[in-house]
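Summary of structural features
Residue strings, one per chain:
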Amino acid sequence: MSKYPFNEIEKKWQKYWEENKTFRTIEDESVPEEKRKYVLDMFPYPSGAGLHVGHPEGYTATDIYSRYLRMNGYNVLHPMGFDAFGLPAENYAIKTGTHPYTTTKKNMENFTRQLKSLGFSYDWDREIATCDPEYYHWTQWIFKKLFEKGLAYEASTPINWCPSCKTGLANEEVKEGHCERCGTKVEKKNIRQWILKITAYADRLLEDLDTLDWPESVKTMQRNWIGKSEGAAVFFKLENFDDTLEVYTTRCDTLFGATYMVIAPEHPLVSKLTTKEQKAAVEKYLEDTKHKSDLERTDLAKDKTGVFSGSYAINPVNGERIPIWIADYVLISYGTGAIMAVPAHDDRDWEFAKKFGLPIIEVLKSDVDVQTQAWTEDGIHVNSQWLDGLNKEDAINKMIAWLEEHKCGHKAVNYKLRDWIFSRQRYWGEPIPLVHCPKCGTVAVPDDELPLTLPEVTKYEPSGTGESPLVNVPEWVNTKCPVCGADAKRETNTMPQWAGSCWYYLRYIDPKNNDRFIDPEKEKYWMPVDLYVGGTEHAVLHLLYSRFWHKVLYDLGLVSTKEPFQRLVNQGMITSFAYQKKNKSLVPVDKVSETAPGKFIETETGEEVTQVTAKMSKSLKNVINPDDFIRDYGADSVRMYEMFMGPLTESKPWATAGFMGVYRFLDRVWRIVTEKNIEDKELDKELDKLMNKTIKKVSQDTETLNFNTAISQMMVFVNELNKLETVPKKTLEILALLMSPYTPHIAEEMWALLGHEPSISKEKWPSWDEKKCLDDEVEIVVQINGKLRSRIMMPHNADKEEVLKAVRNDEKTKQWTEGKTIVKEIVVPNKLVNIVVK
RNA sequence: GCGAGAGUGGUGGAAUUGGUAUACACGCUAGUCUUAGGAACUAGUACUUCGGUUUAAGGGUUCGAGUCCCUUCUCUCGCACCA
């Protein structure tokens, strides 16, 4: 009995594919346009921990799809690379002095080894790394395009600042108000930043979502993130000042109910509006809010706080004096940082008005007493002079017309989307290719000086002043102005990690081009990406940023499509089993024993625990390392199990027992090929039918990415073959072809054992004969009043009368219909008959 | 609070989109075998008082509902004082 020698087989074929460049892709012009496909994975950050089980899930899915397409005559671009700038390598450098490139390179080598050990059919000649100067040359070049178009600007903006690490942090590096690295409470600090004007593209980013084949959930998240809202700007004259206060409102029709105004503590008019009497109180309030974190400020459950400024505004519609308050429930970052408060019809305003004793005026007919609770539903206007009796829509239109006529307001649109803070005070990122000249201002580094490479530094630690470690390299910072030649200084901020991933899918198309970022002919050949598979965690970051950059490139005529990723599929997360006590606390896997099927206890205490699914974590001891399984059971098993677990898009738990089932399946296939009699003989009718049905199901399910059910069908087919004494060679050839996208190593070996030349990946995908998939005789289900009562066999496509005749003669049916009146007979061809009786 | 999605055996999950619920796999039970291997093979495995009953709970539409509609509950994810 020979055991399935996966280790030997897998090494052998990986070597073959590499040496023969089996998966090298070229832009073959003879392939018609509709036969060119670009299948892309989200490239990984090469962390020190190596691949986790989530990586092979998405990567296997695209690999199966790519191999399937190639066998169906498509020219497929399927590349891989590394998102190689990133904080872990830099933090490690701060701790140990090891250059981030050294760490990153080592990790990339490890990732490459792991990816190759899974047998993915990437064209490795197209590999890229975002930290490679040949690559970031063009990241800098694209940044220059943004800069030249006026889409990059400098501003002083408050950012998250860790006083212990002496550095600014990205939002994603702040966990619950504390520094992810050292746990220190994060503060706000004003730092000079480079900002990209993504808001200029808000409308197009929103509208073009409709043209994409993306999961509805991701589109919804992007829509919410962009957060377009339509309303009006209203100008309020200020009492005692020759100035106006502008607010944004979606309900300008409730203007008659505005009883006070609120401006954010950061609003530029705060000091001007604060009267002498209120000065002390306002200053104390500003000091208090400054120390609150974003989390504390936006916590819905907290009490409203605020302070009266001492000044008044004039309501433009009725000339009423209304007090101006300062409160942190109004955000400076949305709208104008000022609101008109209508406490009768807004929960937040109502709560604030109650706390500070401000008047509440009903302007929409309410079912409740607005003095005791806010009415936030619709209603007909009251107490609103010339709006009384109107509905919401008509009142809004009439009010906007009035405001425009009297020049105290106009229609306005607002977005939640803010401009993208693009600079980081870090070393390990792309240098921003700009020079600050005292005479010429900020000037771009000329194209022939790109790439502007990172200099060597002795210390990776950021300077204490909120600047990047690059400020400590005077010979790099001090330069000449490219325009006038005067002494000038380089920009020392670097780009965020998102920069490199904004356009990497374009570089794969032309990865070695030293003259331009992409050859337009090649770009036209492959773009857009036909299938993009990755996790859902990038729904509003990478996937929004890259759409933005792509649209800028499109406007410059540098790419031919409006959108980069035509179809997006989110793979589900692979979770793990964990065990939960009655009090909902989780118990590590190694502290639990199974006493009976489905019964688990905590070993030490004997307390009953229930099996639940949870994210993999070190503390729960339920982390699965794919390397272990590849070593012990082979890459084909890992690939196939991850596809067999369930639908690609669902999150599902890793069950090692289930994994063994797939391993046994491959072992069984191996034994059939190596131990059974294989003869070149005709298939009997039943086997031929099953084979054709299998080809059909596997083809259709692979096409639609329903890999789990395709695998089920292969198992059904193999279970049947396993019963045979002598196996027809044809069936095994077909099996090898069907398996080859899923388990390419064993399929190549089978193909060779059956006497064929490699590589099976170059063979044509098998086709099925629809006629052979049909059964001559079909089972017809007989229902009486919708309940299953009998089954009869009928020839395929028997006509209605024939079927009914047979049903009436059926003994069991007779028993159920005897003495009753037949009201109706429904016949579904080849499936069922339903007789309704009384 | 708002938005999106999901609830099917002991477990992961099928169900040609309104037509035989539980395919395939795991686990379990019994047996055969022995190179004792996370082996292989055979049979069984939703519940049942054997009439029937079952797709989170209840109601509706229909000849017929896991699938469509309404109500409720639970879970997951995202956003969250966005004026």
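Residues numbered from 1 in each chain as written. Chains lettered and ligands numbered in written order. Predicted model: local features only at pLDDT ≥ 70, side-chain atom pairs only at ≥ 80, totals over all residues. Heavy atoms only, no water.

**Points about the overall build of chain A**
Counting its regular elements, chain A contains 27 helices and 33 strands. Over its C-alpha atoms, taken along the principal directions, chain A stretches across nearly 100 × 85 × 65 Å. Expressed as a percentage of the 838 residues in chain A, the buried residues total 52%. Looking at chain A alone, contacts between residues at least 24 apart form 70% of all its contacts between residues at least 6 apart. (Helix = DSSP H or I, 4+ residues; strand = E, 2+ residues; numbered from the N terminus. Buried < 20%, exposed > 50% of the residue type's maximum accessible area, 1.4 Å probe, protein only. Contact = heavy atoms within 4.5 Å.)

**Some thoughts on helix H9 (residues 279-290)**
In this model H9 runs 17 Å from its N-terminal to its C-terminal C-alpha over twelve residues, within 8% of the 16 Å that 1.5 Å per residue would give. Every buried residue of H9 is accounted for by Val282, Tyr285 and Thr289. Burial along H9 is one-sided: seen end-on, the buried residues are contained in an arc of 60°. Among the exposed residues of H9, those pointing more than 90 degrees away from its buried face are Ala280, Lys284 and Lys290. Buried residues in H9 make contact with helix H8 (270-273), strand S11 (307-314) and strand S12 (321-326). (Expected span 1.5 Å × (residues − 1). Arc of directions from axis to C-beta.)

**Details of the sheet that holds strand S20 (residues 531-534)**
Read from one edge of the open sheet, four strands run S2-S1-S20-S21, paired in parallel fashion. Single-partner strands in this sheet number two, and they are strand S2 (75-77) and strand S21 (568-570). Along the sheet, successive strands turn relative to each other by an average axial angle of 20°, direction set aside. Two elements, strand S1 (residues 36-41) and S20, share three bridges in a ladder whose sense is parallel. (Pairing = 2+ DSSP bridges. Axes fitted to C-alpha atoms, helices over the stretch in contact; angles between N-to-C directions.)

**Some words on the domain arrangement of chain A**
Under the domain assignment, chain A is made up of domain 1 (32-143 + 502-570), domain 2 (229-414) and domain 3 (775-837). A separation of 58 Å is found between the C-alpha centroids of domain 1 and domain 3. (Domains from an automatic or database assignment.)

**Observations regarding the packing of helix H19 (residues 635-644) against helix H24 (residues 744-753)**
H24 packs onto H19 with a crossing angle of 120° between their chain directions and a minimal axis gap of 7 Å. Between H19 and H24, the angle is such that the two are oblique. The segment H19 lies against H24, with Ala635, Asp636 and Arg639 engaging Pro744, His745 and Ile746. For the contact of H19 with H24, the per-class residue count stands at three nonpolar, one polar and two charged. (Parallel < 35°, antiparallel > 145°, perpendicular 65-115°, else oblique. Nonpolar A, V, L, I, M, F, W, Y, C, P; charged D, E, K, R; others polar.)

**Focus on the state of the cysteines**
According to the stated counting rule, one finds zero disulfides in the structure shown. Summary of cysteine pairing: Cys408 is not part of a disulfide, and the nearest cysteine sulfur, belonging to Cys252, is at 11 Å. Among the residues examined, Cys408 registers a relative accessible area of 11% and is labelled buried. With no disulfide of its own, Cys440 lies 3.6 Å from the sulfur of Cys484, the closest cysteine sulfur. (Disulfide = S-S within 2.5 Å.)

**Topic: the pattern of salt bridges**
Under the defined criterion, the tally for this structure stands at 49 salt bridges. Between Glu770 and Lys696 there is a salt bridge, and its shortest N-O distance comes to 2.9 Å. Taken together, the positions of Glu770 in helix H25 (residues 770-773) and Lys696 in helix H21 (residues 685-703) put the pair 74 residues apart, joining distant regions of the chain. Each member of the salt-bridge network shares a partner with another, and the members are Asp208, Arg547, Lys551 and Glu563. (Salt bridge = Lys/Arg side-chain N within 4 Å of Asp/Glu carboxyl O.)

**A short note on the packing of helix H20 (residues 656-675) against helix H23 (residues 729-739)**
Look at H20 against H23: their axes get within 12 Å of each other, and the N-to-C directions meet at 150°. Crossing of H20 over H23 shows left-handed handedness. From H20, Phe665, Leu666, Val669, Ile672 and Val673 reach across to H23, where they touch Leu732, Leu735 and Met739. (Left-handed = near helix turned anticlockwise from the far one by under 90°.)

**Remarks on unusual backbone geometry**
For residues that are not glycine, phi is negative in most cases, and the peptide bond is trans in most cases. A cis amide bond links Met527 to the next residue, Pro528, at an omega of 0°. As for its placement among the helices and strands, Pro528 is situated in the loop between helix H16 (520-526) and S20. Residue Pro758 is joined to Ser759 through a cis peptide bond whose omega torsion reads 0°. Although it is not a glycine, Lys21 adopts a positive phi angle of roughly 45°. With respect to the helices and strands, the residue Lys21 is situated in the loop between helix H1 (6-19) and S1. Here Lys407, not a glycine, exhibits a phi torsion of approximately 55°, which is positive. As for its placement among the helices and strands, Lys407 is situated in the loop between helix H12 (392-405) and strand S14 (409-414). Looking at Lys407, the relative accessible area reads 71%, which means it is exposed.

**With respect to the sheet that holds strand S17 (residues 441-444)**
One open sheet accounts for four strands, arranged S17-S16-S19-S18; its pairing is antiparallel. With one partner strand each, in any of the chains shown, S17 and strand S18 (478-480) form the two edges of the open sheet. On average, each strand axis in the sheet is tilted by 40° relative to the strand beside it, whichever way the strands run. Relative to strand S19 (residues 487-490), S18 is paired through three bridges, and the arrangement is antiparallel. By the bridge assignment, Thr479 is partnered in S19 with Ala488.

**Some details on the pairing of S17**
Relative to S17, strand S16 (residues 434-437) runs antiparallel, the two sharing four bridges. Within S17, the position partnered with His436 by the bridge is Thr442. Remark: three residues form the turn of the hairpin made by S16 and S17, two consecutive strands paired antiparallel.

**Here we look at the nonpolar core**
Counting 169 residues, the largest nonpolar core has Tyr38, Trp420, Tyr504, Phe517, Phe548 and Trp549 as its most contacted members. With nine residues, the top contributor of residues to this core is H20. Setting aside chain neighbours within four positions, we find Trp420 in contact with Trp194, Ile195, Leu196, Ile198, Pro496, Trp498, Cys502, Tyr545, Phe548 and Trp549. Counting 54 residues, the second-largest nonpolar core is a separate cluster that includes Ile263, Ile360, Ile396 and Ile400. (Core = buried A, V, L, I, M, F, W, Y, C linked by side-chain atoms within 4.5 Å.)

**Some details on the environment of Arg490**
Position of Arg490 among the secondary structure elements: in strand S19. As for Arg490 and Lys820, which are separated by 330 residues in sequence, their C-alpha atoms are 95 Å apart. Residues within four places of Arg490 in sequence aside, it is in contact with Leu434, Val435, His436, Val445, Leu452, Trp476, Val477 and Thr479. At 3.1 Å, the side chain of Arg490 forms a polar contact with the backbone oxygen of Trp476. (Polar contact = N/O pair within 3.5 Å; in protein donor to acceptor, adjacent residues only side chain to side chain.)

**Quick notes on the pairing of strand S22 (residues 574-580)**
Of all seven residues in S22, five are buried, a share of seventy percent or more. By the bridge criterion, three bridges tie S22 to strand S27 (residues 652-654) in an arrangement that is parallel. Counterpart to Ile574 in the pairing with S27 is Lys652. Alignment of S22 against strand S26 (residues 608-614), held across five bridges, turns out to be antiparallel. Looking at S26, one finds that Phe577 is bridged to Thr613. Bridge count between S22 and strand S23 (residues 586-587): two bridges; the pairing is antiparallel. Bridging across to S23, Gln580 finds its partner in Leu586. Linking S22 to S23, which pair antiparallel, is a turn of five residues; within it Lys584 sits at a positive phi near 75°.

**Focus on the packing of aromatic side chains**
All chains considered together, the criterion is met by 52 aromatic pairs. Among the aromatic side chains, those forming a connected cluster through ring pairs are Phe143, Phe147, Trp194, Tyr201, Trp420, Phe422, Trp498, Tyr545, Phe548 and Trp549. Directly above the ring of Tyr312 sits Arg321, whose terminal nitrogen or CZ lies 3.9 Å from the centroid. It is Arg789 that lies over the ring of Trp816; its NZ or CZ is 3.6 Å from the centre. (Phe/Tyr/Trp six-rings, centres within 6.5 Å; stacked < 30°, edge-to-face > 60°. Lys NZ or Arg CZ within 6 Å of the ring centre and 35° of its normal.)

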